Amino acid sequence: MNPRAAIPLIVFIAIAVLLWSGIGKDPTVLPSVLVGRPAPEFSAPELRDPGVVHSKASLLGKPYLLNVFASWCPTCRIEHPILARYVRERGLRLVGLNWKDETADALQWLRQFGDPYSEILYDPTGLIGIDFGVAAAPESFVISADGAILYKHIGALSVADMENTVMPLLEGRQP
Amino acid sequence: MNVNLRWIALALLFACTPMVAIEPLQFADRAEEQRYQQLLRELRCLQCQNQSLADSDSNVAGGLRQEIHRQMQAGRSDDEIKAFLVERYGEFVLYRPEIKSSTWLLWFGPFVILAGGAVALVVHLRKRRTGTTAAAAGNARDEEDW
């Protein structure tokens, strides 16, 4: 056989490998440009007590998980009990970012599903979310004690995500 | 006016309904509004990734439109607004990402493949022409191979 006859087959295999490697990749998982950089500056009232104002500076000192949630977000209900358990059993410091929500709805949601948050930033306009590059709820950020973004998670956090990535980062271990 | 004409006018009215993002926003003039719409068409919605910010009804797109409008009112240029979004959401928000080493494949890859195909076609046609001459001379080996 003429070796040149193999060229179409080689081209076919190259294209097949290229396309095959794309199968199963989640296009909604985008590399975050913010990871490894200082978190943006923010200042927001506490959802449960609007007289109190939180800022990036006021939350420094101990690493925390910043969890973007909203009462209108169904996926948030999936991760919520998992996060609550880590707060209860493992001393997770969980800060909420209540995103594009109404105060009354958010408070009702917390009464219904439980409130594991130590602080909750209230962001009804979503401007803090824009600064964090939030595309949809839920999203979570691991913030270091000195205010840098160590990790961004898009979508609901599972027990595996918490064990393999979030808790090691928060506890200063290698993930 | 005759009834038929009225129906035609009504149909035309609906046909011309502009497919633009609807938020009650104030613009200084028509040019500014066009600039706003043009900018939105070049930016991708992060939630519904195959829609532009102009098309999308998603929650985050509405918020971003308001922020873009606010920044335009504050006198920021298109490039400044795009830089603001890229800083937060990455190059992915741009439908026309900047040409740099990490996007060369994206920009020029299709042309490289096209050129490769053209070269292969030319080579093949040339060979076939000589092949036909050879076949006329009684040698059809090349055709059998394919």
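Everything below is about the structure printed above this text.
Quick summary incoming for the structure in this document. (Residues numbered from 1 in each chain as written. Chains lettered and ligands numbered in written order. Predicted model: local features only at pLDDT ≥ 70, side-chain atom pairs only at ≥ 80, totals over all residues.)

Residue and element names in this part refer to chain A. As defined by bridge partners, strand S1 (residues 43-46) adjoins strand S2 (residues 49-55) across 4 bridges and the pair is classed as antiparallel. If you follow Glu 46 over to S2, its bridge partner there is Asp 49. What sits between the antiparallel neighbours S1 and S2 is a turn of 2 residues. (Pairing = 2+ DSSP bridges. Helix = DSSP H or I, 4+ residues; strand = E, 2+ residues; numbered from the N terminus.)

Turning next to the environment of B:Ile68. All names here are of chain B. By secondary structure assignment, the location of Ile 68 is in helix H3 (residues 59-73). Overall, the presence of 22 C-beta atoms within 10 Å leaves Ile 68 in the buried class. C-alpha of Ile 68 to C-alpha of Leu 40: the two residues are 28 residues apart in sequence and 8.6 Å apart in space. Residues in contact with Ile 68, not counting those within four places in the same chain, are Leu 39 and Ile 81. (Buried ≥ 20, exposed ≤ 12 C-beta atoms within 10 Å, placed from the backbone. Contact = placed C-beta atoms within 7 Å.)

Glancing now at the packing of helix H2 (residues 30-41) of chain B against H3(B). All names here are of chain B. Here H2 crosses H3 at 135 degrees, and the two axes come no closer than 11 Å. One way to sum up the angle between H2 and H3 is to call them oblique. Remark: the crossing between H2 and H3 carries right-handed chirality. Judged by residue contacts, Glu 32, Tyr 36, Leu 39 and Leu 40 of H2 engage Arg 65, Ile 68, His 69 and Met 72 from H3. (Axes fitted to C-alpha atoms, helices over the stretch in contact; angles between N-to-C directions. Parallel < 35°, antiparallel > 145°, perpendicular 65-115°, else oblique. Left-handed = near helix turned anticlockwise from the far one by under 90°.)

Count 3.6 residues to each turn of an α-helix, and residues three or four apart come out pointing the same way. All names here are of chain A. All buried positions along helix H5 (residues 159-170) are accounted for by Met 162, Val 166 and Leu 170. Considered in projection along H5, the buried side chains sweep an arc of 50 degrees and stay on one side of the axis. Opposite the buried face of H5, by more than 90 degrees, sit the exposed residues Ala 160 and Asn 164. Structurally, H5 contributes buried residues whose contacts are with strand S3 (64-69), helix H2 (76-90) and strand S6 (139-143). Phi turns positive one or two residues past the end of H5, at Gly 172, with a value near 75 degrees. (Arc of directions from axis to C-beta.)

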